[in-house]
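As a plain string of letters, each chain reads:
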Amino acid sequence: MTFEPVLTARVGRDRSQSIDTYVADGGYEALRKVLGGDWTPEAVTEEVKKSGLRGRGGAGFPTGVKWGFVPKDTKGKPVYLLCNADESEPGTFKDRLLMEKDPHQMIEGQIISAYALKSRTSYVYIRGEFFHGARVLDRAIAEAYEKGFLGENILGSGFSHDITVHRGAGAYICGEETGLIESLEGKRGQPRIKPPFPAVFGVFGAPTIVNNVETLCCVTHIMKRGAEWFAKIGRNEKNTGPKLYCLSGHVNRPGVYEAPMGLPMKDLLFGDAFGSGMKDGRKVKAVIPGGASAAMLTAEEIEDCPLDFDGLAAKKSMLGSAAIIVMNEDTCIVDAARNLAKFFSHESCGQCTPCREGTPWLHRVLDRIESGEGRAEDVDLLEKISNQMANGMTICVFADAAIAPVLSSIGKFRDEYRYHVENRRCLVGSRPSVEATA
Amino acid sequence: MTGRRYSVAPAGRPAEFPPAALERIEKILSRYPTKQAALLPVLWVAQETWGWISREAAEEVARILELPAAHVAGVLTFYTMYNLEPVGRHLLQFCTSISCHLAGAEGLVEHCRNRLGIDLGGTTPDGKFTMVEVECIAGCDRAPSMMVNDAYHEPMDLASLDALLGTLP
């Protein structure tokens, strides 16, 4: 059975951002259907539960179940829906595409989701660097107001909703949902201790649901074509729906690719419709399957590896934001780990000591190994630092993310680390050069 | 960590928003249940107005939003995109996170540094360019990616960087 793209179906279309072309392509039909009278908010939530949709932002939590955590009696407080468009996980660029090319697909899903949550107000928290995406969204939202899909009494249903685009200003941690909430409240984006969970006590002290851009896009199609249709796409009933994969690194054709959840990793890397193989015929050395926070996999481990939540959990890594970063045999694994450690060191929000102090420490030790100044005890030291940073030592999972590339690269490429320390240079290759790849 | 910038530089003159900016701020405030929630968007208005956010501008924002100036300073120093001192006409932002790194992003940075004779964080004496390193900007499939002010330029190589630097006004 050939797979027809769902989420990216309109990406290449002329004027794909405009509401006219969106409506001409069947857009806002799902919203009309939902608000037409036959669907209660509870029924929409049930439908999303039935679809098996799991959050596309990284954690993979079932979306309908998450919605169900909002208390029935909110004690007079409003319910807020927040769209997480802070896409900042290194290697991830799918939400940028969705928002820049087909903003109404997301907006429609956001309005439907807000209806299910009985939410009057929602925000799109979009990372500050997406100037263009924010402008596209602003324009699209204005169009949706003009056509009566937003604002008071939408399509005469009695349901009213407002969406505001809220721009971040450069901080990876604001992609963490309570960091996002703090930031939206006009504070430093430092994650909160949970519980209470946002569904009970979120932004402005009110029940709050945070959903990723791609998740909301999926909601549109679930309500348009039905939960059963959605649940039939994908590897099994726990890993359903169409999925966007962000492919980057040493492949011939990097890009965003849509496929059923559970696409075999080898197909993504080597398939003609996807990555089309390794650049210059080099061999795969390692693959990061779910963004910087995911444990690296070796060439052997990707042989039989479905790209979905459970497939990657079985490999002790994660699908995360589905950012697949491919490194060839010439890549120095210590250099790659150092680069990832630099990221986490820069982005730690600073409120928990193990993370604030641990992330730059990891970066310094990796830097000295890479620079040929490593000490015999350094590899053990990296493991020791890592193990003191995570597993519940901090408020959020940032520290767990920061140590994943360190521990997995040491665990799988220990010889390379050892070689580096003993010989004061890389086992393979050299630092990447821009001429070689340009 | 993100907030490793501690001070907000004074401009030495008072900051007063022009009427159009004040109108925008009013509109922003109407979208939030608290004044504090408007802080990030209002700081963006300040940056668009002056190109950077001086201590005086931060204090003016604090006054308008009825927030302690220290809170505004805390927020300003946390987020990397607010300029805490004047920057060049073209803010060159080089991504050096993993996918861009694998594509040789550091080579671009080095080349730019040599060509402009400034270091990361530096501004050319004519006030034309400021160059900084940034973390992943979601341009990984067209690595190495960079931004100049609010626009993406990707993928880059030494020749396209030279061409870009030569054409920017």
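The structure presented is a predicted model; accordingly, all values stated were derived computationally and were not measured.

### Topic: the nonpolar core
So, step 1. By size, the foremost hydrophobic cluster in this structure holds 178 residues, and its most contacted members are Tyr245 and Val287 of chain A.
So, step 2. Discounting chain neighbours no more than four positions away, the residues touching Tyr245 of chain A are Tyr257, Ala259, Leu263, Leu268, Leu307, Ala322 and Ile324 of chain A.

### With respect to unusual backbone geometry
So, step 1. Following Pro195 of chain A, the chain continues into Pro196 of chain A via a peptide bond in cis, with omega recorded as 5°.
So, step 2. Locating Pro196 of chain A in the fold gives a position in the loop between α8 (177-184) and β4 (208-212).
So, step 3. In this structure, Pro144 of chain B follows Ala143 of chain B across a cis peptide bond, with omega equal to -5°.
So, step 4. Summarising the element assignment, Pro144 of chain B is placed in the loop between β2 (129-134) and β3 (146-148).
So, step 5. In the Ramachandran plot, Asp280 of chain A falls in the positive-phi region, its phi being about 55° despite a non-glycine side chain.
So, step 6. Residue placement: Asp280 of chain A occurs in the loop between α11 (265-270) and β10 (284-288).

### Observations concerning the confidence of the model for chain B
So, step 1. On average, residues of chain B score 95 in pLDDT, and 96% of them reach the 70 mark or higher.
So, step 2. Both scores are given for the predicted complex: the pTM is 0.97, the ipTM 0.96.

### Re the interface of chain A and chain B
By a frequent convention, interface size equals the accessible area lost on bringing the separate parts together.
So, step 1. The interface is formed by 57 residues belonging to chain A together with 43 residues belonging to chain B.
So, step 2. Of all the secondary structure elements, the ones that give two or more residues to the side of chain A that touches chain B are β3 (162-167), α8, β7 (242-249), β8 (255-260), β13 (323-328), α13 (333-347) and α18 (434-437) of chain A.
So, step 3. In terms of residue count, the dominant contributor to the side of chain A that touches chain B is α13 of chain A (six residues).

### Focus: helix α5 (residues 94-101) of chain A
All names here are of chain A.
So, step 1. Most of α5 sits inside the fold, with six of its eight residues counted as buried.
So, step 2. Among the residues of α5, those classed as buried are Lys94, Asp95, Arg96, Leu97, Leu98 and Met99.
So, step 3. If you follow the buried residues of α5, they end up packed against β1 (80-85), α6 (103-117), α7 (131-146), α9 (213-225), β7 and β8.

### Focus: the packing of α13 of chain A against helix α14 (residues 353-370) of chain A
Residue and element names in this part refer to chain A.
So, step 1. Two elements in contact, α13 and α14, have axes whose closest approach is 8 Å; the angle formed by their N-to-C orientations is 155°. By the angle class used here, α13 and α14 are roughly antiparallel. α13 and α14 meet at a crossing whose hand is left-handed. On α14, the residues that touch Val334, Asp335, Ala337, Arg338, Ala341, Lys342, Phe344 and Ser345 of α13 are Thr359, Pro360, Leu362, His363, Leu366, Asp367, Ile369 and Glu370.
So, step 2. Here the residues of the contact of α13 with α14 sort into eight nonpolar, three polar and five charged.

### A word on the sheet that holds strand β4 (residues 151-153) of chain B
All names here are of chain B.
So, step 1. Taken together, the four strands give an open sheet; going across it, the order is β2-β1-β3-β4, and neighbouring strands pair in mixed fashion. Across the chains shown, the open sheet's two edge strands, defined by having one partner strand only, are β2 and β4. Mean inter-strand twist for the sheet, computed between neighbouring axes without regard to direction, equals 25°.

### Section: the packing of helix α2 (residues 39-50) of chain B against helix α3 (residues 55-65) of chain B
All names here are of chain B.
So, step 1. Here α2 crosses α3 at 140°, and the two axes come no closer than 10 Å. One element, α2, and the other, α3, form an angle in the oblique class. For the crossing formed where α2 meets α3, the hand is right-handed. Counted together, Leu39, Val42, Leu43, Ala46 and Trp50 of α2 and Ala57, Val61, Ile64 and Leu65 of α3 form the full contact between these two elements.
So, step 2. Its residues placed into classes, the contact of α2 with α3 shows nine nonpolar, no polar and no charged.

### Some points on the domain arrangement of chain A
All names here are of chain A.
So, step 1. Segmentation of chain A into domains returns domain 1 (19-232), domain 2 (234-328) and domain 3 (333-437).
So, step 2. Taking the mean C-alpha position of each, domain 1 and domain 2 sit 26 Å from one another.
So, step 3. The interface of domain 1 with domain 2 comprises 18 residues on the first partner and 18 residues on the second.
So, step 4. Of the residues that constitute the side of domain 1 that touches domain 2, the class distribution is seven nonpolar, seven polar and four charged.

What counts and how
Residues numbered from 1 in each chain as written. Chains lettered and ligands numbered in written order. Predicted model: local features only at pLDDT ≥ 70, side-chain atom pairs only at ≥ 80, totals over all residues. Core = buried A, V, L, I, M, F, W, Y, C linked by C-beta atoms within 7 Å. Buried ≥ 20, exposed ≤ 12 C-beta atoms within 10 Å, placed from the backbone. Contact = placed C-beta atoms within 7 Å. Helix = DSSP H or I, 4+ residues; strand = E, 2+ residues; numbered from the N terminus. pLDDT = per-residue confidence, 0-100. Axes fitted to C-alpha atoms, helices over the stretch in contact; angles between N-to-C directions. Parallel < 35°, antiparallel > 145°, perpendicular 65-115°, else oblique. Left-handed = near helix turned anticlockwise from the far one by under 90°. Nonpolar A, V, L, I, M, F, W, Y, C, P; charged D, E, K, R; others polar. Pairing = 2+ DSSP bridges. Domains from an automatic or database assignment.

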